[in-house]
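Coordinate inspection notes
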Amino acid sequence: MIDLSQRYTYVSVQQAEQLLEEQQQAGPANAETYSDTTNDVWNYVVFVSFVVISALIPIRKRLCRRSSNSKSKQDYVFGAGHISTLAMMLSIARGTLGVISVLGYPSEFFYRGSAMWESLYGVITAYPIVCFVFIPVYFDLGITSVYQYLELRFNSRLVRCLASGTYILRTLLSLGVTIYTPTVALNTIIGVPYWVSLLSITLISIFFNALGGLKAAVAADVIQSLSMTAMLVGIIIYCAVTVGGVDKILTISSENDRFAFFNFAADLHLRVTTTSAWLGELFNSLSLLGCQQNFVQRYLSMPTFSQIRRTLMLNIPVVILLFSLPWFVGMAIYAIYWHCDPLKASVIAKMDEILPYFMVDRFDNVPGVWGIFVGTLFNGALTLNISNINSLATVTWEDFLSLIPALRKKSDKHQLNVIKLVGTIYAVVIMGVGFIVGLLSGVIESSMLIISATSGPLLGVFVLAMFIPFANWKGAAMGMIASHLSILWIVVGRLLESNVSDTLLETSIEGCYADLMEAQKNASLLVVTLDDGINVVETSNLLNRIYSITYMYYGVFGTVLTVLAGIVISLATWSSHDQYNMKMLHPAVRWLYSRCPFSGKHFGSFEVAASYGAGNKEPVPKC
């Protein structure tokens, strides 16, 4: 919990003694104490009200609906086609970024600079690729789970289950980071224990998931996107007015080496460069947007491909805005604290606490402001958790539980109840993951490591399915397994054995006035500790050099390894039993293949049942 008696700002060192003397001469003021208590009450009221209202609005109709009109499984999964384009745009953009960016990107800019900002290039590049390469392949298949496509292409349940398992694992780990994020703010600002916040998010998620579905999840995403954008814009405006304009914010960041754009260094061991940010995020975003259930589920809820195309392409400027706002916030906060770093002065314990500290430091006397801030973070994690639980439960049903004859024969209502029960179990598992996330180095570091480590195998198997005509199930399965094991080995080595240099940019406490000498003493001890804990990578140790490769490239390496291993094994093991329908390939690949020298060998010899309209039963290959 933040000690508000140590409130810092930036002033000259010459003013410190005078300000401290004035602070000591100020006696206790009952009126001020009463005002602080009143403000705290208002903040708590605003926080609770914001979360409750934001959670209930998307499911208000469901709460008022009679039991006889209960939601069907199709409506739960796809929203019954009643979701507007604008709402879907905000939901997709919201899912791309998440609440992690709100807390993580400002601290990233403050302590490491703008290098990670350039990952935006990869996100922007991924949207048209997903729109014109991935979506046309399986839009008309009428699938409920995107991983059904892999079974149709490879005629293998094993490949489908491996892909589904990869998605489930990645989503569980990512959501653990997501729900941990607001607990940092709650603990920093008002001292709420981490376990209380995690338990509250889990219980609300279970309730919301039972009554909601995709349509409610999208509505919640819209509310969260708008409230989050308003909050971030408000912070930027306040900081601009405080320091003397937007140009002053830019000048302070520039003069203190916070801008690090267009660094094309070829060193794979640098944490982030322009090349690794763009290329790494491109592969991660392709895996997320093109191969992950919660996004494809939203695409398939739209009635036509033209609407999907319009939604994705119009979403690019929305993503640019939502992605950049937290970075501008980080720039603005740095302009406030550039001469008095709360972390170096030991007022906060973690980098990610800089934004919560700012909100309390600057708006503690304004009733309800930090209540809205904490409520936005809490609700952001809550809605993202609910949205992904919906997708996780759907994938688990379609790809695993539906194989059980006793469950598949159940009525639609019973199947929906099973899906909701699975979602409840996943909510509890995610809470467990959230308890251990604090052991990693910041929410951005944790999120990027998880996404990069799991993106490659999933993207690679879809590349094999869509673009490699001779790929078979054996190559796809072994490629994914080899990629998973290789990346897992590197990640474990990185966490346990490698001494990866991760220095922070220089900050100052010369402008602090509250307990100035003590803060400088603490800062000196902190610097010594940091210097002792950072070791330069030994160039003579090959394993250390492998382990210290930046995690930004994990998605690239995983994809390439999956594709290469899949090609080699497929060529070595192809047989007539691996035949498939050539319509499962991308149209451009079919066109090129028909004109290549090897077109005489046909890999496809069976047809797939037509009339796939959205929501139809899974098509069955006919030999």
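Residues numbered from 1 in each chain as written. Predicted model: local features only at pLDDT ≥ 70, side-chain atom pairs only at ≥ 80, totals over all residues. Heavy atoms only, no water.

Cut-off, in case you're wondering: UniProt positions are given in the numbering used here, feature names are shortened, and annotations may be inferred rather than shown by experiment.
Labelled according to an unreviewed UniProt entry, the protein chain appears under the name Sodium/solute symporter, originating from Anopheles stephensi. What UniProt records for the protein chain under Subcellular location (unreviewed entry) is the sentence "Cell membrane". As stated in UniProt under Sequence similarities (unreviewed entry), the record for the protein chain gives "Belongs to the sodium:solute symporter (SSF) (TC 2.A.21) family."

1. Description of the state of the cysteines
Selection rule: In plain terms, two cysteine sulfur atoms within 2.5 Å form what is called a disulfide here. A run of H or I in DSSP becomes a helix once it reaches four residues, and a run of E becomes a strand once it reaches two; helices and strands are each numbered from the N terminus. Note on classification: 1.4 Å probe, protein chains only; a residue is buried when its accessible area is under 20% of the maximum for its type, exposed when over 50%, partly exposed between these limits.
The full count for this structure, using the stated rule, is one disulfide. The disulfide partner of Cys-340 is Cys-512, and the gap between their sulfur atoms is 1.8 Å. The S-S bond linking Cys-340 to Cys-512 shows a torsion near 110°; that makes this disulfide right-handed. On the criterion of sequence distance, the pair formed by Cys-340 in the loop between α15 (305–337) and α16 (354–363) and Cys-512 in the loop between α21 (473–496) and α22 (516–533) is long-range, its members being 172 residues apart. Note on Cys-340: relative accessible area 0%, which makes it buried. Owing to a relative accessible area of 1%, Cys-512 belongs among the buried residues under this scheme.

2. Focus on the pattern of salt bridges
Under the convention used in this document: Salt bridges are defined by distance alone: a side-chain nitrogen of Lys or Arg within 4 Å of a carboxyl oxygen of Asp or Glu.
Evaluated as defined, the whole model comprises eight salt bridges. Where Glu-108 meets Arg-112, a salt bridge forms, and the shortest distance between an N and an O atom there is 3.4 Å. Taken together, the positions of Glu-108 and Arg-112, both in helix α6 (residues 100–112) and four residues apart, correspond to about one turn of that helix. Relative accessible area serves as the criterion here: at 13%, Arg-112 is assigned to the buried category. Close ionic contact of Lys-474 with Asp-578 constitutes a salt bridge, the shortest N to O distance being 3.1 Å. Of this pair, Lys-474 sits in helix α21 while Asp-578 sits in the loop between α24 (554–573) and α25 (587–593); the two residues are 104 residues apart in sequence, bridging distant segments of the chain. Neither residue differs from the other here; Lys-474 and Asp-578 are each classed as buried. Each of the salt bridges in this network shares a partner with another, and the network as a whole consists of Glu-151, Arg-157, Arg-160 and Asp-399.

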